Amino acid sequence: DTADVPLVVRGLRKVYADGFAAVNGVDYRVERGQVVGLLGPNGAGKTTSLRVLMGLLQPSDGEIRVFGHRVTPGAPVLSRLGALVEGPGLLPHLSGMDNLRLFWRATGRPESEARLDEVVRIADLGERIHRKVRTYSHGMKQRIAIAQAMLGMPELLVLDEPTDGLDPPQIAEMRRVLHDYASDGRAVLVSSHLLAEVEQTCSHVVVMSRGRVVGTGEVKDVIGSGGRLEDAFLEL
Ligand code: ATP
């Protein structure tokens, strides 16, 4: 029974029209409380998997279940899944708070000051939220964009390369934000092509290489121990 599991991926395959199997039989799970890194070099199939997960692409085989519900293209977007797949699309001359308010209104949901405050706290935006976006660091912009994805408080939050281009202090902040978000029984799945970023931000990791999963587990067991899975990644 997968009704209470944020994400179950089973036997997932995606063969593109040219016959290339970008995802070639992938299985993994994301449990509540976990921050899972989907790690692999460029071309490993991470973006293809995330697009199938979001219902943007029809899988060739296998299935994806979010809290037991099968994800299929054309089906209504699951309200328990929230995602950020593109970089920040923010209005630079407005404050971070105004950007969040506009985004929230665009979803058609009733405005909630309590929810805005909660997200500002979790995303660690502080007083800077009232300054104009054009004055923000890249890390702050990333966290505002992630705050947008958090506004609906999805139980499964999916982020594509959220640590891309961040410096070490910003990555440490991102770790706190993601773990804080997941600590309440929610779950986070992030993609990355950098071993160090996943090591620094995630509790668990799914290592992909050439369309397959070559290792899964707790970050401390998979990465940095000099073990077999790290070798598998480094050999690519
Ligand atoms: P990146 O970090 O560069 O996005 P990735 O791990 O996300 O890498 P994918 O974007 O999923 O990898 O791509 C996996 C493979 O599938 C790549 O070799 C890519 O060239 C190929 N691919 C992606 N889209 C298509 C398409 N529409 N048709 C054919 N091949 C594709």
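- Per an unreviewed UniProt entry, the chain goes by ABC-2 type transport system ATP-binding protein and derives from Stackebrandtia albiflava.

## What to know about the overall build of the chain
Part 1 of the reasoning: From N to C terminus, the chain includes 8 helices and 10 strands.
Part 2 of the reasoning: At 18 Å, the chain has a C-alpha radius of gyration in line with the 18 Å of a compact globule built from 236 residues.
Part 3 of the reasoning: Considered along the principal axes of its C-alpha atoms, the chain spans approximately 45 × 40 × 35 Å.
Part 4 of the reasoning: Scored against the burial criterion, the 236 residues of the chain give a buried share of 49%.
Part 5 of the reasoning: Taking as baseline every contact in the chain between residues at least 6 positions apart, the subset at least 24 positions apart corresponds to 67%.
Part 6 of the reasoning: Carbon and sulfur atoms form 49% of the exposed surface of the chain, whose accessible area is close to 10,900 Å².
Part 7 of the reasoning: Taken together, the 28 basic and 30 acidic charged side chains of the chain have centroids lying 4 Å from each other.

## Remarks on the site of the ligand
Part 1 of the reasoning: What surrounds the ligand is the set Tyr-16, Asp-18, Phe-20, Ala-22, Pro-41, Asn-42, Gly-43, Ala-44, Gly-45, Lys-46, Thr-47 and Thr-48.
Part 2 of the reasoning: Within the side chain of Tyr-16, an N or O atom sits 3.5 Å from a nitrogen atom of the ligand.
Part 3 of the reasoning: The side chain of Asn-42 places a nitrogen or oxygen atom 3.1 Å from an oxygen atom of the ligand.
Part 4 of the reasoning: Out of a free accessible area of 630 Å², the ligand has 62% covered by protein chains.
Part 5 of the reasoning: Sort the elements by how many residues they give to the shell around the ligand and helix H1 (residues 46–53) lands first, with 3 residues.
Part 6 of the reasoning: Taken together, the residues of the shell around the ligand break down into 5 nonpolar, 5 polar and 2 charged.

## Topic: the environment of Val-71
Part 1 of the reasoning: Of note, Val-71 is situated in the loop between strand E5 (69–70) and strand E6 (81–84).
Part 2 of the reasoning: For Val-71, a relative accessible area of 11% translates into the label buried.
Part 3 of the reasoning: A sequence separation of 33 residues divides Val-71 from Trp-104, and the C-alpha atoms of the two residues are 24 Å apart.

## What to know about the pattern of salt bridges
Pairs may arise between side chains of opposite charge once their charged atoms sit close together.
Part 1 of the reasoning: Inspection of the entire model under this criterion finds 16 salt bridges.
Part 2 of the reasoning: Put simply, Arg-105 and Glu-111 hold a salt bridge, and the shortest N to O gap is 2.9 Å.
Part 3 of the reasoning: Its relative accessible area of 37% is what places Glu-111 among the partly exposed residues.
Part 4 of the reasoning: Among the salt bridges present, the one from Glu-173 reaches Arg-128, with a minimum N-O distance of 3.9 Å. You can see Glu-173 sitting in helix H5 (residues 168–182) and its partner Arg-128 sitting in the loop between helix H3 (113–122) and helix H4 (138–150), a full 45 residues away along the chain.
Part 5 of the reasoning: For Arg-128, a relative accessible area of 31% puts it in the partly exposed group.
Part 6 of the reasoning: The network of salt bridges with shared partners includes Arg-10, Glu-63, Arg-65 and Arg-70.

## Side note on the packing of helix H2 (residues 96–106) against H4
Part 1 of the reasoning: Running from N to C, H2 and H4 point in directions that differ by 30°, and their axes come no closer than 10 Å. Regarding the angle of H2 to H4, the classification is roughly parallel. The way H2 lies across H4 gives a crossing that is right-handed. In this structure, H2 uses Gly-96, Asn-99, Leu-100 and Phe-103 to contact H4, whose residues at the interface are Ile-144, Ala-147 and Gln-148.
Part 2 of the reasoning: Looking at side-chain class alone, the contact of H2 with H4 contains 4 nonpolar, 3 polar and no charged residues.

## Comments concerning the sheet that holds strand E2 (residues 21–30)
Part 1 of the reasoning: One open sheet holds the 4 strands; their spatial order is E2-E1-E4-E5, and the pairing between them is antiparallel. Sheet topology places E2 and E5 at the edges, where each strand pairs with a single neighbour.
Part 2 of the reasoning: Of the strand pairs in this sheet, strand E1 (residues 7–15) and E2 are connected by 7 bridges, and their pairing is antiparallel. Following the sheet pairing, Val-15 is matched in E2 by Ala-21.
Part 3 of the reasoning: Helix-sheet contacts for H1 involve E1, E2 and strand E4 (61–66), and the interaxial angle to E4 is about 60°.

## Regarding the packing of aromatic side chains
Part 1 of the reasoning: Following the criterion strictly, the structure yields 0 aromatic pairs and no others.
Part 2 of the reasoning: Cation over ring: Arg-186 sits above Tyr-181, and NZ or CZ is 4.3 Å from the ring centre.

Cut-off values and rules
Residues numbered from 1 in each chain as written. Predicted model: local features only at pLDDT ≥ 70, side-chain atom pairs only at ≥ 80, totals over all residues. Heavy atoms only, no water. Helix = DSSP H or I, 4+ residues; strand = E, 2+ residues; numbered from the N terminus. Rg over C-alpha atoms; globule rule 2.2 N^0.38 Å. Buried < 20%, exposed > 50% of the residue type's maximum accessible area, 1.4 Å probe, protein only. Contact = heavy atoms within 4.5 Å. Areas by Shrake-Rupley, 256 points an atom, 1.4 Å probe, with all protein chains shown as cover. Lys, Arg positive; Asp, Glu negative; His and termini not counted. Charge placed at Lys NZ, Arg CZ, Asp CG, Glu CD. Near = heavy atom within 4 Å. Polar contact = N/O pair within 3.5 Å; in protein donor to acceptor, adjacent residues only side chain to side chain. Nonpolar A, V, L, I, M, F, W, Y, C, P; charged D, E, K, R; others polar. Salt bridge = Lys/Arg side-chain N within 4 Å of Asp/Glu carboxyl O. Axes fitted to C-alpha atoms, helices over the stretch in contact; angles between N-to-C directions. Parallel < 35°, antiparallel > 145°, perpendicular 65-115°, else oblique. Left-handed = near helix turned anticlockwise from the far one by under 90°. Pairing = 2+ DSSP bridges. Phe/Tyr/Trp six-rings, centres within 6.5 Å; stacked < 30°, edge-to-face > 60°. Lys NZ or Arg CZ within 6 Å of the ring centre and 35° of its normal.

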